[in-house]
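So you can see what is in the structure, the chains are spelled out below.
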Amino acid sequence: MESGIFDRIIMQLVTGLYWTLCLSMAASILSLIVGFVAGLIKSIHVPIITYVVNFYTYIVRGVPFLLLLFIIYYVLPFFNIRLSPFIAGVLSLVIHEGAYMTEIIRSGIESVEKGQHEAAHSLGLNYFQKMRYIILPQAIKITLPPLAGQFVLLIKSTALISLIGLTDLTRVGRQLTQRGENPFLIFFIVGIFYFVICYPIINISDRLERSV
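Residues numbered from 1 in each chain as written. Predicted model: local features only at pLDDT ≥ 70, side-chain atom pairs only at ≥ 80, totals over all residues. Heavy atoms only, no water.

Caption draft 1: Main features of the side chain of Ser-92. Among the secondary structure elements, Ser-92 is positioned in helix 4 (residues 85-110). Here Ala-88 takes part through its backbone oxygen, which lies 2.7 Å from a polar atom of the side chain of Ser-92. Residues in contact with Ser-92, not counting those within four places in the same chain, are Phe-65, Leu-68, Leu-69 and Ile-72. (Helix = DSSP H or I, 4+ residues; strand = E, 2+ residues; numbered from the N terminus. Polar contact = N/O pair within 3.5 Å; in protein donor to acceptor, adjacent residues only side chain to side chain. Contact = heavy atoms within 4.5 Å.)

Caption draft 2: Up close: unusual backbone geometry. Despite not being glycine, His-45 has its phi angle at roughly 55°, a positive value. Take His-45: it is sitting in the loop between helix 1 (3-44) and helix 2 (49-61). Look at His-45 and you get exposed, because its relative accessible area is 53%. Positive phi outside glycine occurs at Asn-80, with the angle close to 60°. Looking at the secondary structure, you find Asn-80 in the loop between helix 3 (65-75) and helix 4. (Buried < 20%, exposed > 50% of the residue type's maximum accessible area, 1.4 Å probe, protein only.)

Caption draft 3: Fine view of the UniProt feature "transmembrane region" (unreviewed entry) in the chain. Here, the residues flagged by UniProt with the feature "transmembrane region" (unreviewed entry) are residues 17-41, 53-76, 151-172 and 184-202. In this annotation, residues 184-202 is assigned 100% helix and 0% strand; the end-to-end C-alpha distance for the span is 25 Å. (UniProt positions renumbered as here; feature names shortened; annotations may be inferred.)

Caption draft 4: Representation of the pattern of salt bridges within the structure. Taken as a whole and judged by the stated rule, the model has four salt bridges. Here Lys-42 and Glu-103 are joined by a salt bridge, their closest N and O atoms 2.5 Å apart. Here Glu-103 lies in helix 4 and Lys-42 lies in helix 1, a separation of 61 residues in the sequence. The burial state of Lys-42 is the same as that of Glu-103; both residues are buried. Overlapping salt bridges, with partners in common, bring together Lys-42, Glu-103, Arg-106 and Glu-110 in one network. (Salt bridge = Lys/Arg side-chain N within 4 Å of Asp/Glu carboxyl O.)

The structure is reproduced here in structure tokens:
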């Protein structure tokens, strides 16, 4: 393969990588916010709202991500709600991954020993002080390894967004092979890009898990 053709292929894949990174970062930040708020609500058992959050997590975790993506992108237009592939992708990932992060955050908070809660009460701390200074610092340390693993799954799930037209890394790879480029070479490079994104997070997750 000529160097000029190879350079062109790399540039196109880098463009796809850009959209994959944008999608991953936006969805990761927003799903973490959803997971934190919903997980906090579940851990303190807020009346009515807790039932809504439980319903959300049960339904979403029982539905395939691809089905959720297709509902948001193809069904919402029937209700005059039309979203771009990028926005639909972010929204789908946030709804899906937010449900899993909700359970991770909830389990992290509830795993803090009850003695810590009693100690906070004995010190005269109110609920917000207790959560800020005693419970959440310990819960965050517990939840970091599974959250890192969930971020890796989120990044891998972005490949499915190519099915609704987003020109991400996977879609660019498919387009190049459809134009006659070597499939083995193209998807080998695509795989390397995904590995470079995911491996540092996996490595951090393993280290955090050993330190807990």
